Amino acid sequence: MPRWWQAARVPSLPALARRADGSARELASRLAHRAGWTPAVLPYPGYGSGGRVRVLGRVLLTPAGAHPEERRRAVPGWQRFLTLESPGTDVEVEVAGRRTVARSDDDGLLDVTLDVDLPDAGALPVLLRAGSRESAAVVHLASPDAARGVVCDIDDTVLVTGIATPLRAAWRTFVQPMARRQAVPGMARLLRQLTGGAPHVPVVYLSNGPWNLAGPLARFLEHSGFPPGALLLTDWGPTPTRMFRDGRSHKSSSLQRLAADLPGVRWTLVGDTGEHDPALYEDFAREQPGRVRAVLLRDVTEAATRVVRFGEVPVVYGRDGDAIAAALPSTD
């Protein structure tokens, strides 16, 4: 193909959508600034261990004096998508006595990794400042010698969503209040069992759900008795190459990142059979068999409990957390 033709090619539809989205947000941002709105950081729970922490959040433009999470705590799910992100905004991050400045990305997301002197383990407070506005975040520190951890999906694994029936799933996600959502039976007990017997076992809730729902999801997990942990969600907006974020790629890259960030941990991977979890977890288990203790899958078809293997990795299928717990093989 001639170079002049390549240079003249019309941008792809996802690229055009991304530009249009950026232009609309830029116009809305100018109007918001004129109205006196300023940046504020909406914090998300991060993770860390061994002198390194990953701090997560999102920078939004909001009216002066209104914290973005408190202001949106009681609104329906769909209204939480009506946010105005603040890309390219400097944020001062203060953790364990160290201050550094990070910048939000094109979607307003803040994702910064810091090397700091840390206490052994536990919930580590973090301060995030955008201009004169301050937010409190938390990083869940795993024990430096943690040998096991849990990665857990959310929708249809710990939270009943019904992804297989899109209209029902949309109603539950965008309309039904989180306080009325149902936990999958036995899953909180299962995760507490997986994290028991050792101090500060790392827990990461990895989902293709949007960051817009991080606050309600964190409160749901806490109120339902799930162990505390980091949230790794995604953004649903267009990218330069896709009209919709690639959820499978998000989960796969997040697993690889966790393996690198917490190199001494062998993970129990918890998911469901409704989407890509079985294939994703199998790929990861085959690529890094020494880093996976077990794969536990809630079977959304409610089939009989069964145990198979990905190589040396046991894979347990069950209709709920109690069925999976009853079939758990012993692992070292």
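Residues numbered from 1 in each chain as written. Predicted model: local features only at pLDDT ≥ 70, side-chain atom pairs only at ≥ 80, totals over all residues. Heavy atoms only, no water.

J.: Help me understand the pattern of salt bridges in this model?
T.: Pairs can form between side chains of opposite charge whenever their charged atoms are close. What the rule picks out here adds up to 17 salt bridges. Here R99 ties to E94 by a salt bridge, and the two come within 3.2 Å at their closest N and O atoms. On the basis of relative accessible area, R99 is assigned to the exposed category, the value being 54%. Salt-bridge contacts for E282 lead to R286; the nearest nitrogen and oxygen are separated by 2.7 Å. Of this pair, E282 and R286 both sit in helix 8 (residues 277–287), four residues apart, which is roughly one turn of the helix. By relative accessible area, E282 is classed as partly exposed at 24%. One salt-bridge network, held together by shared partners, links E92, E94, R99, R129 and E134. (Salt bridge = Lys/Arg side-chain N within 4 Å of Asp/Glu carboxyl O. Buried < 20%, exposed > 50% of the residue type's maximum accessible area, 1.4 Å probe, protein only. Helix = DSSP H or I, 4+ residues; strand = E, 2+ residues; numbered from the N terminus.)

J.: What exactly am I supposed to notice about the sheet that holds strand 2 (residues 52–62) here?
T.: Consider a sheet: its strands pair through backbone hydrogen bonds, and that pairing is either parallel or antiparallel. Read from one edge to the other, the open sheet built from seven strands follows the order 4-3-6-7-1-2-5, with strand pairing classed as mixed. With partners counted over all chains shown, the strands left at the sheet margins are strand 4 (98–103) and strand 5 (109–115), one partner each. This sheet shows a mean twist of 25° between the axes of neighbouring strands, independent of strand direction. Here four bridges tie strand 3 (residues 90–95) to strand 6 (residues 122–130), and the two strands are oriented antiparallel to one another. Residue pairing in the sheet places E94 in a bridge with L127 of strand 6. (Pairing = 2+ DSSP bridges. Axes fitted to C-alpha atoms, helices over the stretch in contact; angles between N-to-C directions.)

J.: Even after reading the chapter, I still don't get the side chain of S135, so can you show me in this structure?
T.: Inspection of the secondary structure puts S135 in strand 7 (residues 133–141). Under the relative-accessibility criterion, S135 is labelled buried at 5%. At 2.6 Å, the side chain of S135 and the backbone oxygen of V41 are in polar contact. (Polar contact = N/O pair within 3.5 Å; in protein donor to acceptor, adjacent residues only side chain to side chain.)

J.: Quick question: what am I supposed to make of the side chain of T195 here?
T.: Looking at where T195 falls in the secondary structure, it is placed in helix 5 (residues 187–195). Residue classification places T195 among the buried positions, given a relative accessible area of 15%. At a separation of 3.3 Å, a polar atom in the side chain of T195 contacts the main-chain carbonyl oxygen of R192. Ignoring sequence-local partners within four residues, the contact set of T195 consists of R148, V150, V201, V203 and P227. (Contact = heavy atoms within 4.5 Å.)

J.: What's the story with the sheet that holds strand 14 (residues 313–318) in this structure? I'm lost.
T.: Taken in spatial order, the seven strands of this open sheet run 10-9-8-11-12-14-13, and their pairing is mixed. One side of each edge strand has no neighbouring strand; the edge strands of this open sheet are strand 10 (230–234) and strand 13 (306–310). Ignoring strand direction, the axes of neighbouring strands in this sheet form an average angle of 20°. Bridge analysis of strand 13 against strand 14 gives five bridges, and the strand direction is antiparallel. Its bridge partner lying in strand 14, F310 is registered against V313. Strands strand 8 (148–152), strand 9 (203–210), strand 11 (266–272) and strand 12 (292–298) of the sheet are contacted by helix 5, whose axis makes an angle of about 155° with strand 8. Packing against the sheet, helix 8 makes contact with strand 8, strand 11, strand 12, strand 13 and strand 14, and its axis sits at approximately 165° to strand 11.

J.: Which parts of the structure should I look at to understand unusual backbone geometry?
T.: Keep in mind that most residues, glycine aside, have a negative phi and that most peptide bonds are trans. Here the phi dihedral of D156 falls at roughly 65°; this positive angle occurs in a residue that is not glycine. As for its placement among the helices and strands, D156 is situated in the loop between strand 8 and helix 4 (166–174). Of note, H200 is a non-glycine position whose phi angle comes to about 55°, a positive value. Looking at where H200 falls in the secondary structure, it is placed in the loop between helix 5 and strand 9.

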